[in-house]
Amino acid sequence: MNTGSDESAESESAVAAAGDGDRAESGLGSRAPGFIKASRTLHLSWQVGVFVVGLAVVVAGVIMLPLPGPGWLVIFGGMAIWATEFVWAQLVLRWTKRKVTEAAQRALDPAVRRRNIILTTVGLVIIAVLLAIYVWKFGFEMPWRIKE
């Protein structure tokens, strides 16, 4: 089972020689304590435990998507748990952070903000008109008590 948590000495020296720009790359791999990494069996058990805990958190987040609860936040929390041990999860989490940052930057763009304000205003006007029509036609009665 190649989890990508074992790094060779060449890749560590290459990352160290790359400089400050690639410092984020040095964070790839297992973050297990040294005494756990020393034993192959213990390290594999550690990885299985991290995977099971992360899987439980991700499944809880998926369950929370249609139900009340912070589903996406919990899913990203499970990915963060996996990222403590698995390179693939670290890369997925890094990609997600980059995309969220790009979306936040786009949202701060003046043209996008203007468009969003206009769309929100149009939506609120439509809702206000529909609410006014309802009140004009039925008064302040609740929908389940309307007798027509």
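Residues numbered from 1 in each chain as written. Predicted model: local features only at pLDDT ≥ 70, side-chain atom pairs only at ≥ 80, totals over all residues. Heavy atoms only, no water.

The next thing to look at is the packing of aromatic side chains. Working definition: an aromatic ring pair is given by the centre-to-centre distance plus the angle between the planes. Enumeration over the complete set of coordinates arrives at five aromatic pairs. Between Phe86 and Trp88, the aromatic rings sit 6.1 Å apart at their centres with planes inclined by 25°, giving stacked as the arrangement. Each residue in the set Phe51, Trp82, Phe86 and Trp88 is aromatic and connected to the rest through ring pairs, giving one cluster. (Phe/Tyr/Trp six-rings, centres within 6.5 Å; stacked < 30°, edge-to-face > 60°.)

Applying the stated rule across the entire model yields one salt bridge. Here Lys99 and Glu102 are joined by a salt bridge, their closest N and O atoms 3.6 Å apart. Linking Lys99 with Glu102, this pair stays in helix α5 (residues 87-107), spanning three residues, or about one helical turn. What makes Lys99 partly exposed here is its relative accessible area of 37%. Accessibility expressed as a relative area gives 32% for Glu102, which makes it partly exposed. (Salt bridge = Lys/Arg side-chain N within 4 Å of Asp/Glu carboxyl O. Helix = DSSP H or I, 4+ residues; strand = E, 2+ residues; numbered from the N terminus. Buried < 20%, exposed > 50% of the residue type's maximum accessible area, 1.4 Å probe, protein only.)

This part covers the packing of helix α3 (residues 40-64) against helix α4 (residues 71-83). Packed helices, taken two at a time, are described by the angle their axes make and the gap between the axes. Here α3 crosses α4 at 170°, and the two axes come no closer than 7 Å. Classified by the interaxial angle, the pair formed by α3 and α4 is roughly antiparallel. Residues Val50, Phe51, Val53, Gly54, Leu55, Val57, Val58, Ala60, Gly61, Val62 and Met64 of α3 lie in contact with α4, whose contacting residues are Gly71, Val74, Ile75, Gly77, Gly78, Met79, Ile81 and Trp82. When grouped by side-chain class, the residues that make up the contact of α3 with α4 number 14 nonpolar, five polar and no charged. (Axes fitted to C-alpha atoms, helices over the stretch in contact; angles between N-to-C directions. Parallel < 35°, antiparallel > 145°, perpendicular 65-115°, else oblique. Contact = heavy atoms within 4.5 Å. Nonpolar A, V, L, I, M, F, W, Y, C, P; charged D, E, K, R; others polar.)

On to the nonpolar core, then. Within the largest apolar cluster, eight residues are counted, these being Val50, Val58, Met79, Trp82, Ala83, Phe86, Ala89 and Leu93. Mapped by element, the contributors of at least two residues to this core are α3, α4 and α5. The dominant element in this core, judged by the number of residues it contributes, is α4, at three residues. If we skip the residues at most four places from it in the chain, Met79 touches Val58, Trp88, Ala89, Val92 and Leu93. (Core = buried A, V, L, I, M, F, W, Y, C linked by side-chain atoms within 4.5 Å.)

Another aspect to go through is the confidence of the model for the protein chain. Looking at the protein chain as a whole, its pLDDT mean stands at 79, while 78% of the residues score no less than 70. By mean pLDDT, helix α1 (residues 9-18) is the weakest element of the protein chain at 41, and helix α6 (residues 110-138) is the strongest at 92. Scored below 50 in pLDDT, residues 5-24 makes 15 contacts in the model with residues more than four places away or belonging to other chains. (pLDDT = per-residue confidence, 0-100.)

With that settled, the discussion passes to a nonpolar patch on the surface. Residues Leu44, Val48, Phe51, Val52, Leu55, Val59, Ile63, Leu67, Trp88 and Val92 make up a contiguous nonpolar surface patch of roughly 830 Å² in combined accessible area. Elements that contribute at least two residues to the nonpolar patch include exactly α3 and α5. At seven residues, the largest contribution of residues to the nonpolar patch is made by α3. Tracing the backbone through its elements, the reader meets Val48 in helix α3. Given a relative accessible area of 43%, Val48 falls into the partly exposed group. (Patch = residues over 30% accessible without salt bridge, like charges linked within 9 Å, V, L, I, M, F, W, Y side chains within 5 Å. Areas by Shrake-Rupley, 256 points an atom, 1.4 Å probe, with all protein chains shown as cover.)

What follows concerns the packing of α4 against α5. At a closest axis distance of 7 Å, the pairing of α4 and α5 adopts a crossing angle of 135°. The angle between α4 and α5 places the two elements in the oblique class. Relative to α5, α4 is oriented so that their crossing is left-handed. Contacts from Phe76, Met79, Ala80, Trp82 and Ala83 in α4 reach Trp88, Ala89, Gln90, Val92, Leu93 and Thr96 in α5. A per-class count over the contact of α4 with α5 returns nine nonpolar, two polar and no charged. (Left-handed = near helix turned anticlockwise from the far one by under 90°.)

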